[in-house]
Amino acid sequence: MTARGSRWAAALLGALAASAPVMAGADGPLPVAAEAPAETVRVELAGPAGAPSPLAMRVAPDTVAMGGTVWIALDFPPGSAAPRPEQITASGRDLLLEPADADAAPVLLSAAAGGRQRRLVSARMHALGPVRLAWQGSPGGPAAVAVVKPRLPADAGPAPLRRLVGLGWRWERLAALALLAALVLAVAARRGRRKQVGAADAALAPPAYLSAALALEELRALELPRKGEGRRFLDRLAGVGRVYLRNRFGLPAAEMTPAEIERKLRARGHAGEDAERWRDLLDACDARRYAPGQASAGDCDCLLAATVALMDVSRVPARFTPVPADLAVRGEMAWGRLRDLIWAHPNAAAPAGLAQGGRRV
């Protein structure tokens, strides 16, 4: 055997010898390694800069469950600038300091002997196993050890599965609930349809010229211009015209100037000439009723005829719109009598000259 082979043989025999205790008893079980002891957690306490080191340190209780609270008593030299409890801090997250209530501290930590200054702090432990507490910057100083145990015993198994508890919704209840929901939806839909039908019926108002014809014939029968009340006549005539514009075109004409009415009519696609004529008519009524002196009967008749002529251009006869019988008969008869004014005043369709003080007959 060569020297190199001898070295390999010696190495093999040494390995076998070293493993002999483990491999002893080929038929017996292998030994189980003992559980390693828990590693000690080290936590350092510290105070503000310049704070003295404590002479003694105690912890109560010395054993606590995971997340439990312990009290730490720190005795500082007499007459030293001992830090306040809220100034003391801890390193790491294994120990969380909390505001301390000195009245709740254990009796064995409540007083210090020999004139020492005692500071009490409470803390929650968040590390399993032994926890060693020491003061920072004082390796040989006082220390204390607290043991943190798990909340459950080591042999505790998993909690048993609980049986799922139903909510008690049987099929009969579900069916009743579905029927109730369907009923509520049906009632809501029916009310919605009624509102829509009501809104549609409200939109189908009688033609505007029927009520305007009755109002104009009533105003004409008062003969206000012959009584010297031409201003009052023109004021009411302009009011009837604005009400007609509201009912026929949906304009808030009572709050609009003649120029604003013209712009709105043009914006809604109505003939520009008709919009201009409405503006001239209302301007003429305003000019004559606010001008010095009384408005003459001829001016009032001409403006009345101009109003009827403009309504005749834009009126929409009632063909498919339901109209009360009394309004239909009286309104059509009044409108037929008013239309004769248009033939009596052929220039009534252009009342702009009256706004300038002129007269058209």
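Residues numbered from 1 in each chain as written. Predicted model: local features only at pLDDT ≥ 70, side-chain atom pairs only at ≥ 80, totals over all residues. Heavy atoms only, no water.

Chemist: Tell me about the nonpolar core, and name the residues and values.
Modeler: In this structure, L216, F233, L237, Y244, I261, W278 and M311 are the most contacted members of the largest nonpolar core, which totals 42 residues. Breaking this core down by element, the ones donating at least two residues are α4 (208–221), α5 (230–249), α6 (258–267), α7 (272–290), α8 (297–314) and α9 (325–344). Not counting the four nearest positions on each side in its chain, L237 is found in contact with L216, L219, C285, L303, L304 and T307. Of all hydrophobic cores here, the second largest spans 23 residues; its members include V43, L45, M125 and W135. (Core = buried A, V, L, I, M, F, W, Y, C linked by side-chain atoms within 4.5 Å. Buried < 20%, exposed > 50% of the residue type's maximum accessible area, 1.4 Å probe, protein only. Helix = DSSP H or I, 4+ residues; strand = E, 2+ residues; numbered from the N terminus. Contact = heavy atoms within 4.5 Å.)

Chemist: Summarise the pairing of strand β7 (residues 117–125); cite the residues concerned and give the values.
Modeler: Taken across its nine residues, β7 has eight buried, putting it largely inside the fold. Relative to β7, strand β4 (residues 69–76) is paired through eight bridges, and the arrangement is antiparallel. What sits directly across from V70, in β7, is A123. (Pairing = 2+ DSSP bridges.)

Chemist: Which residues make up the layout of surface pockets, and what values go with them?
Modeler: Taken as a whole, the largest pocket spans an internal volume of roughly 230 Å³. What lines the largest pocket is a set of 15 residues, among which A205, P206, P207, V316 and T321 lie closest to the centre. Here the second largest pocket defines a volume of roughly 160 Å³. Taken together, R220, E223, L224, P225, R226, F233, D301, L304, L341 and H345 make up the full set of residues lining the second largest pocket. Of the residues that constitute the lining of the second largest pocket, the class distribution is five nonpolar, one polar and four charged. (1 Å grid on protein atoms, 1.4 Å probe; cavity = no way out; pocket = protein on both sides within 12 Å on 5 of 7 lines; lining within 4 Å. Points joined across faces, edges and corners; volume = space filled by probe spheres on them. Nonpolar A, V, L, I, M, F, W, Y, C, P; charged D, E, K, R; others polar.)

Chemist: For the pairing of strand β1 (residues 41–46), give the residues involved together with the corresponding values.
Modeler: Side-chain direction in a regular strand flips from residue to residue, so the side chains alternate between the two faces of the sheet. Here five bridges tie β1 to strand β8 (residues 129–135), and the two strands are oriented parallel to one another. Paired with R42 across the two strands is R132, which belongs to β8. Sheet analysis places β1 next to strand β5 (residues 89–90), joined by two bridges and oriented antiparallel. Note that in β5 the partner of L45 across the bridge is A90.

Chemist: Talk me through a nonpolar patch on the surface; I want residue IDs and the actual numbers.
Modeler: On the surface, a nonpolar cluster with roughly 450 Å² of combined accessible area is contributed by L177, L180, L183, V184 and V187. Within the element layout of this structure, V184 appears in helix α3 (residues 171–203). (Patch = residues over 30% accessible without salt bridge, like charges linked within 9 Å, V, L, I, M, F, W, Y side chains within 5 Å. Areas by Shrake-Rupley, 256 points an atom, 1.4 Å probe, with all protein chains shown as cover. Salt bridge = Lys/Arg side-chain N within 4 Å of Asp/Glu carboxyl O.)

Chemist: Give me α9: which residues, what numbers.
Modeler: Between the first and last C-alpha of α9 there are 30 Å, a value that for 20 residues agrees with the 28 Å anticipated at 1.5 Å per step. Residues L327, G331, A334, W335, L338 and L341 constitute the buried set of α9. Projection of α9 onto a plane perpendicular to its axis shows the buried side chains occupying an angular sector of 110°, all on one side. Structural note: α9 exposes A325, V329 and W343 on the side pointing more than 90 degrees away from its buried face. Looking at the packing, one finds that the buried side of α9 touches α4 and α8. (Expected span 1.5 Å × (residues − 1). Arc of directions from axis to C-beta.)

Chemist: Go over α6, please, and point to the residues and values.
Modeler: Turning to α6, its buried residues number three or more, namely P258, I261, E262 and L265. Projected down its long axis, α6 carries its buried residues within an arc of 100°, all on one side. Residues of α6 that are exposed and point more than 90 degrees away from the buried face comprise R263 and A267. Next to the buried residues of α6 lie α5 and α7. G269 sits one or two positions beyond α6 and adopts a positive phi of about 90°.

Chemist: A description of the sheet that holds strand β3 (residues 63–65) should follow, citing residues and the corresponding values.
Modeler: Paired through backbone hydrogen bonds, the strands of a sheet run either parallel or antiparallel to each other. In spatial order, the strands read β3-β9-β8-β1-β5; together these five strands make up an open sheet with mixed pairing. Strands at the two margins of the open sheet, each flanked by one partner only, are β3 and β5.

Chemist: I'd like a rundown of the side chain of R119, residues and numbers included.
Modeler: With respect to the helices and strands, R119 occurs in strand β7. As a buried residue without a salt bridge, R119 has its nearest oppositely charged side chain in E86, at a separation of 8.0 Å. Among the polar contacts listed, one links the side chain of R119 to the side chain of Q117, at a separation of 3.5 Å. Ignoring anything within four residues of it in the chain, the contact list for R119 reads I72, A73, L74, F76, A82, P83, R84, P85 and I88. (Lys, Arg positive; Asp, Glu negative; His and termini not counted. Polar contact = N/O pair within 3.5 Å; in protein donor to acceptor, adjacent residues only side chain to side chain.)

Chemist: Which residues make up the environment of E98, and what values do they have?
Modeler: Tracing the sequence through the fold places E98 in strand β6 (residues 95–98). Residue class for E98 comes out partly exposed when judged on its relative accessible area of 27%. Put simply, E98 and A123 are 25 residues apart on the chain and 5.5 Å apart in space, counted from C-alpha to C-alpha. For E98, the side chain forms a polar contact with the side chain of R124, separated by 2.7 Å.

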